[in-house]
Amino acid sequence: MDKILLSRFKGCLVGGVVGDCIGALYEGLSHVKTNDLIERINKLEKDRQTQREHGTKPAEKYGFSYTDDTAMARSVAGSLIDKGQFDAPDMGKRFAEEYFREPDRGYGGSIAAVFDGIRDTNTTDVYQPASKQFEGSGSYGNGGAMRIAPAALFTFCDNNATKLISLVSSITRLTHTNHLAIHGAILVALAVDQSLRLPQDTAVDCDEFIEALIIKLRPLEEEHDKSSMGPPPLKKNSKRVLDASATPYCAKLKRIKEMLKEPNLKTATVVEELGTDVSALGSVPAAVLCFLKAAIQNIPKLKDHNKFSQTVLYAITLGGDTDTVATMAGAMAGALYGMEAIPESWRYYCEGVADAETMAEHFFNMTQAPTVQ
Ligand code: F2R
Ligand code: MG
Ligand code: MG
Ligand code: MG
């Protein structure tokens, strides 16, 4: 039992890393051909086989580098592990230090200002720089959601959604104060938490999984809506009508339920209605769909790959913010299928896998610690 949980903790963090590293190769492309992606993945496997057989070294130490998604997840995990609790100034400092150490990891367009603010010695409140973003409305980017999976591991033993939601909100607000960014991060963390608790030997009941998410999210969205300025205006001719709902994440989750029952669901439908862009509302629902779709059916053209791989590869074929949708879906899938489901060649060629594994072990050890009476 413990061995399985450890594998699922590792699968969650490593799944996020490989989703980011492989997804980053396609970030920003509006169309990703499934056949091209499969060819690349098969070549990766072949290269690894040759490397194993002949003991040849790969051309570079790492085939695929991680981006800001993993860089920030490492800071979230590192801070929670080292401090044993949430420590806002410590986590904020880690985000900023990491950014100034390696600013070229493909960070969001506006987030550098937050790191400048946190680094500024005159800043006494670590939350203040983020709250000033976008004339006080705060960033609604997916940078809070993309890094949040470690929070679900940290609170796993509590099995308390309220506690997880509070932790996620506190972590997200360090850089993103807009409610859409916070609710998106909460949705990712809840989905990872629920995935960790799914039985591995029973078919996933998507309706039940989604209903459980809606029950936890709806009060938050409704509470916010009472005092809200409303979501950003829809672009002309946009099919993202659900973005304008008073409870947009719940509306999209309901739509995902329907999408999962469509036998020939088109990529264009997913992209146009859910979105795969850098906003949280325009990317987190797509990640949930990828996870659940691969869980209940074989995805056309990807059926030769296992469920974990299908999740990540399908996320990438949606195009757009591929590293981020794939990292979020990869964390959910890894939490269900475990470390063994992640192809060895992916683990070998992606940067940051070993560290993710070590961090997952730390979180797992926390679940084994005797409780103080
Ligand atoms: N930034 C990217 N990808 C762009 C290309 C990178 C390139 N390949 C490279 O190599 O450099 N990816 C990363 O950014 C996303 C996470 O972004 P985050 O952390 O949320 O950043 P930010 O700046 O806060 O928000 C992103 C953009 O969203 C718009 N926006 C957000 N809030 C807004 C508001 N209230 N009003 C208007 N616009 C708002 C802005 O355009 C922001 O720049 C991930 O995809 C990660 O992989
Ligand atoms: Mg990125
Ligand atoms: Mg300071
Ligand atoms: Mg991205």
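Values in this document were obtained by computation on a predicted structure and should not be read as measured data.

Visitor: Help me understand the site of ligand 1 in this model?
Guide: In the vicinity of ligand 1 there are 23 residues, among which S110, S139, Y140, H176 and D321 approach most closely. Within the backbone of G106, an N or O atom sits 3.2 Å from a nitrogen atom of ligand 1. A distance of 2.8 Å separates a nitrogen atom of ligand 1 from a polar atom in the backbone of Y140. When isolated, ligand 1 has an accessible area of 920 Å², and the protein chains bury 69% of it. Secondary-structure elements contributing two or more residues to the shell around ligand 1 are α3 (68-83) and α15 (322-337).

Visitor: I tried to follow helix α11 (residues 248-259) on my own but got confused; where do I start?
Guide: Spacing of three or four residues puts side chains on the same side of an α-helix, whose turn is 3.6 residues. Given a rise of 1.5 Å per residue, twelve residues ought to cover 16 Å, and the 16 Å separating the end C-alpha atoms of α11 matches this to within 8%. Most of α11 sits out of view: ten of its twelve residues are buried. Residues P248, Y249, C250, A251, K252, L253, R255, I256, K257 and M259 constitute the buried set of α11.

Visitor: I would appreciate a short explanation of the packing of aromatic side chains in the present structure.
Guide: Each pair of aromatic rings is reported with the distance of its centres and the angle of its planes. Tallied over the full model, the rule gives ten aromatic pairs. An angle of 90 degrees between the planes, with centres 6.4 Å apart, marks the rings of F9 and F364 as edge-to-face. Of this pair, F9 sits in helix α1 (residues 2-23) while F364 sits in helix α17 (residues 353-368); the two residues are 355 residues apart in sequence, bridging distant segments of the chain. Residue class for F9 comes out buried when judged on its relative accessible area of 0%. Counting every residue linked through ring pairs, the aromatic cluster contains Y99, F100, Y107 and F115.

Visitor: Looking at this model, I keep getting lost on the coordination of the magnesium ion (ligand 4). Mind explaining?
Guide: Here the magnesium ion (ligand 4) is held by E27 (OE), D321 (OD), D323 (OD) and T324 (OG1), and the distances to it run 2.0 to 2.5 Å. Coordination at the magnesium ion (ligand 4) is octahedral: its six donor atoms span angles of 76 to 175 degrees at the metal. All donors of the magnesium ion (ligand 4) come from a single chain, and their spacing in sequence reads E-x293-D-x1-D-T. The magnesium ion (ligand 2) is placed at 3.6 Å from the magnesium ion (ligand 4), the two being bridged by D323. Taken together, the positions of E27 in the loop between α1 and α2 (34-54) and T324 in helix α15 put the pair 297 residues apart, joining distant regions of the chain.

Visitor: Any chance you could explain the state of the cysteines here in plain terms?
Guide: Should the sulfur atoms of two cysteines be covalently bonded, the bond is a disulfide. For the structure shown, the criterion picks out zero disulfides. You can see C21 has no disulfide; the closest cysteine sulfur is in C350, sitting 4.3 Å from it. Here C250 is not cross-linked by a disulfide; its sulfur's nearest cysteine counterpart is in C206, at 17 Å. For C250, a relative accessible area of 1% puts it in the buried group.

Basis of the calculations
Residues numbered from 1 in each chain as written. Chains lettered and ligands numbered in written order. Predicted model: local features only at pLDDT ≥ 70, side-chain atom pairs only at ≥ 80, totals over all residues. Heavy atoms only, no water. Near = heavy atom within 4 Å. Polar contact = N/O pair within 3.5 Å; in protein donor to acceptor, adjacent residues only side chain to side chain. Areas by Shrake-Rupley, 256 points an atom, 1.4 Å probe, with all protein chains shown as cover. Helix = DSSP H or I, 4+ residues; strand = E, 2+ residues; numbered from the N terminus. Expected span 1.5 Å × (residues − 1). Buried < 20%, exposed > 50% of the residue type's maximum accessible area, 1.4 Å probe, protein only. Phe/Tyr/Trp six-rings, centres within 6.5 Å; stacked < 30°, edge-to-face > 60°. Donors = N, O, S within 2.8 Å, 3.2 Å for Na, K, Ca; no water. Tetrahedral: all angles 85-135°; square planar, octahedral: opposite > 155°, others 65-115°. Disulfide = S-S within 2.5 Å.

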